[in-house]
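Results of the structural survey
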Amino acid sequence: NAGTLTLTDVVVRDGNPDFFGVRNQPTGVLTLDRVTVTNTGTGVRNLGVATVTNSTISGNQKYGLSQDSTLPNSFTVRNTTVVGNRSPGVFAAGST
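The sections below set out a description of the structure shown in this document. Note that the coordinates shown come from a computational prediction; the quantities given were computed from them, not determined experimentally.

1. Let's talk about the side chain of T42
Among the secondary structure elements, T42 is positioned in strand 6 (residues 42–46). Setting aside anything within four residues of it in sequence, one finds T42 in contact with F19, F20, G21, K62, Y63, G64 and S66.

Here's what the structure looks like:
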């Protein structure tokens with residue numbers, strides 16, 4: 001996503017283990033609500049601004065959530081389960 005994207009009540013699954021279930025570019029604004037991301041590479045990678053609410057990120061080959069944005073207050077996660085991902089559940093290199 002390089003623009004504005006909202007996903008609600010969807011499942012993102014069975015992606016290439018070398019890529020991302022959902023990738024938000026530096027120019028992107030991403031909202032995930034009641035979304036399941038499973039069996040991908042990294043579940044969700046954020047380089048822009050993202051909000052993840054009431055979701056499940058599980059069973060991914062790398063990180064569940066990867067926060068790489070340097071924008072202040074750029075990643076919000078609420079009421080979300082991050083479990084069973086191969087690497088640590090959450091990777092935060094940027095601002096949160």
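2. Quick look at the sheet that holds strand 4 (residues 29–33)
Within the open sheet, the four strands sit side by side as 1-4-7-10. Their pairing is parallel. Taken across any chain shown, the strands that pair with only one partner, and hence form the sheet edges, are strand 1 (4–8) and strand 10 (75–78). Taken pair by pair, the neighbouring strands of this sheet meet at an average axis angle of 5 degrees, ignoring direction. Sheet topology places strand 7 (residues 49–53) next to strand 10; four bridges connect them, and they run parallel. Counterpart to T53 in the pairing with strand 10 is R78.

3. Quick look at the side chain of S69
Positionally, S69 belongs in the loop between strand 9 (65–67) and strand 10. At 3.4 Å, the side chain of S69 and the side chain of S74 are in polar contact.

4. Description of the sheet that holds strand 5 (residues 36–38)
Strand order in the open sheet formed by four strands is 2-5-8-11, with parallel pairing between adjacent strands. At either margin of the open sheet sits one strand with a lone partner, and together these are strand 2 (11–13) and strand 11 (81–83). Neighbouring strand axes in the sheet, compared pairwise and without regard to direction, differ in orientation by 5 degrees on average. In this sheet, strand 8 (residues 56–58) lies alongside strand 5 in parallel orientation, the contact comprising three bridges. Bridging from a neighbouring strand, T36 pairs with T56 of strand 8.

5. Notes on the pattern of salt bridges
For the structure shown, the criterion picks out four salt bridges. R34 is paired through a salt bridge with D9; the nearest N and O atoms lie 2.7 Å apart. With R34 in the loop between strand 4 and strand 5 and D9 in the loop between strand 1 and strand 2, this residue pair connects regions lying 25 residues apart in the sequence. Residue R34 is classed as partly exposed on the basis of its relative accessible area of 41%. Of the charged contacts in the structure, one is a salt bridge between D68 and R45, with a shortest N-O distance of 2.7 Å. Within this pair, whereas D68 is found in the loop between strand 9 and strand 10, its partner R45 is found in strand 6, the two being separated by 23 residues in sequence. Among the charged side chains, a salt-bridge network with shared partners connects D9, D33 and R34.

6. Digging into unusual backbone geometry
Backbone geometry at D9 places phi at a positive 55 degrees, although glycine is not the residue there. At N79, a position not held by glycine, the phi torsion is positive, near 45 degrees. With respect to the secondary-structure elements, N79 resides in the loop between strand 10 and strand 11.

Definitions and cut-offs
Residues numbered from 1 in each chain as written. Predicted model: local features only at pLDDT ≥ 70, side-chain atom pairs only at ≥ 80, totals over all residues. Heavy atoms only, no water. Helix = DSSP H or I, 4+ residues; strand = E, 2+ residues; numbered from the N terminus. Contact = heavy atoms within 4.5 Å. Pairing = 2+ DSSP bridges. Axes fitted to C-alpha atoms, helices over the stretch in contact; angles between N-to-C directions. Polar contact = N/O pair within 3.5 Å; in protein donor to acceptor, adjacent residues only side chain to side chain. Salt bridge = Lys/Arg side-chain N within 4 Å of Asp/Glu carboxyl O. Buried < 20%, exposed > 50% of the residue type's maximum accessible area, 1.4 Å probe, protein only.

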